Amino acid sequence: QVQVVESGGGLVQPGGSLRLSCAASGSIFSINAMGWYRQAPGKQRELVATATSGGSTNYADSVKGRFIISRDNDKNTTYLQMNSLKPEDAAVYFCHADVAFSGRYGTYRYWGQGTQVTVSS
């Protein structure tokens, strides 16, 4: 029905940059919020950044000033530009899309399968 697919993860040295992409597809009427969470081994999944269709953004304190989330509403896509990466940023990054369907009330959250980000020298 709805697919959410992330891409762009990989290995980067401390201080480096990566850009993650996430595209939602399917029988989508509209998407409210899209965002990124991450989960490191042995830790709970945590919020990284979210962006609404109206352009509002929210960031975890740990990434403010280093990460930038953006949206292309026409393409149902969100991007996460990650700069000045630190070893503690290493995690599996998951994208979500809060989808509205025609004729149905409310929004429904769909998750991607995650993309690995490794920060190591």
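To start, this report covers the structure provided alongside it. (Residues numbered from 1 in each chain as written. Predicted model: local features only at pLDDT ≥ 70, side-chain atom pairs only at ≥ 80, totals over all residues. Heavy atoms only, no water.)

**Considerations on the state of the cysteines**
Tallying each qualifying case throughout the model produces one disulfide. One disulfide in the model links Cys-22 with Cys-95; its S-S distance is 1.9 Å. Between Cys-22 and Cys-95, the disulfide has an S-S torsion of -80 degrees and is therefore left-handed. Note that Cys-22 is positioned in strand S3 (residues 18-26) and Cys-95 in strand S9 (residues 91-100), a separation of 73 residues in sequence. Side by side, Cys-22 and Cys-95 carry an identical accessibility label, which is buried. (Disulfide = S-S within 2.5 Å. Helix = DSSP H or I, 4+ residues; strand = E, 2+ residues; numbered from the N terminus. Buried < 20%, exposed > 50% of the residue type's maximum accessible area, 1.4 Å probe, protein only.)

**Some remarks on the nonpolar core**
Counting residues in hydrophobic clusters, the biggest one holds 32 residues, and the most contacted among them are Trp-36, Leu-80, Met-82 and Tyr-93. Of all the secondary structure elements, the ones that give two or more residues to this core are strand S1 (2-7), S3, strand S4 (30-39), strand S5 (46-52), strand S7 (67-72), strand S8 (77-82), S9 and strand S11 (115-119). (Core = buried A, V, L, I, M, F, W, Y, C linked by side-chain atoms within 4.5 Å.)

**Some words on the pairing of S9**
Within a regular strand, side chains alternate between the sheet's two faces. The buried fraction of S9 amounts to nine of the ten residues, a majority that puts the element mostly inside the structure. Sheet analysis places S4 next to S9, joined by eight bridges and oriented antiparallel. Residue pairing in the sheet places Ile-31 in a bridge with Val-99 of S9. By the bridge criterion, three bridges tie S9 to S11 in an arrangement that is antiparallel. Residue pairing for S11: Val-92 is matched across the bridge by Gln-116. Where S9 meets strand S10 (residues 107-111), five bridges bridge the pair, whose relative direction is antiparallel. From the neighbouring strand, Val-99 faces S10, where its bridge partner is Tyr-108. Where S9 hands over to S10, the hairpin turn is made up of six residues, of which Gly-103 adopts a positive phi near 80 degrees. (Pairing = 2+ DSSP bridges.)

**Some words on the packing of aromatic side chains**
Following the criterion strictly, the structure yields three aromatic pairs and no others. Taking 5.3 Å as the distance between ring centres and 75 degrees as the angle between the ring planes, the aromatic pair formed by Tyr-37 and Trp-111 counts as edge-to-face. With Tyr-37 in strand S4 and Trp-111 in strand S10, this pair connects stretches of sequence that are 74 residues apart. Centre to centre, the rings of Phe-101 and Tyr-108 are 5.8 Å apart; their planes meet at 55 degrees, and the pair counts as tilted. Tyr-108 sits in the partly exposed class, given a relative accessible area of 31%. Cluster of aromatic residues (ring-pair linked, three or more members): Phe-101, Tyr-108 and Tyr-110. One residue, Arg-45, lies across the ring of Phe-94, its end atom 3.8 Å from the ring centre. Between Arg-104 and the ring centre of Tyr-108, over which it is positioned, the NZ or CZ distance is 4.4 Å. (Phe/Tyr/Trp six-rings, centres within 6.5 Å; stacked < 30°, edge-to-face > 60°. Lys NZ or Arg CZ within 6 Å of the ring centre and 35° of its normal.)

**Thoughts on the environment of Ser-17**
Note on placement: Ser-17 falls in the loop between strand S2 (10-12) and S3. Note: C-alpha distance between Ser-17 and Met-82 (65 residues apart in sequence) is 5.4 Å. The contacts of Ser-17, once residues within four sequence positions are left out, are Val-12, Gln-81, Met-82, Asn-83, Ser-84 and Leu-85. Of the polar contacts made by the side chain of Ser-17, one reaches the side chain of Asn-83; its length is 3.0 Å. (Contact = heavy atoms within 4.5 Å. Polar contact = N/O pair within 3.5 Å; in protein donor to acceptor, adjacent residues only side chain to side chain.)

Honestly, that's just the spatial picture; any functional story needs more than this.
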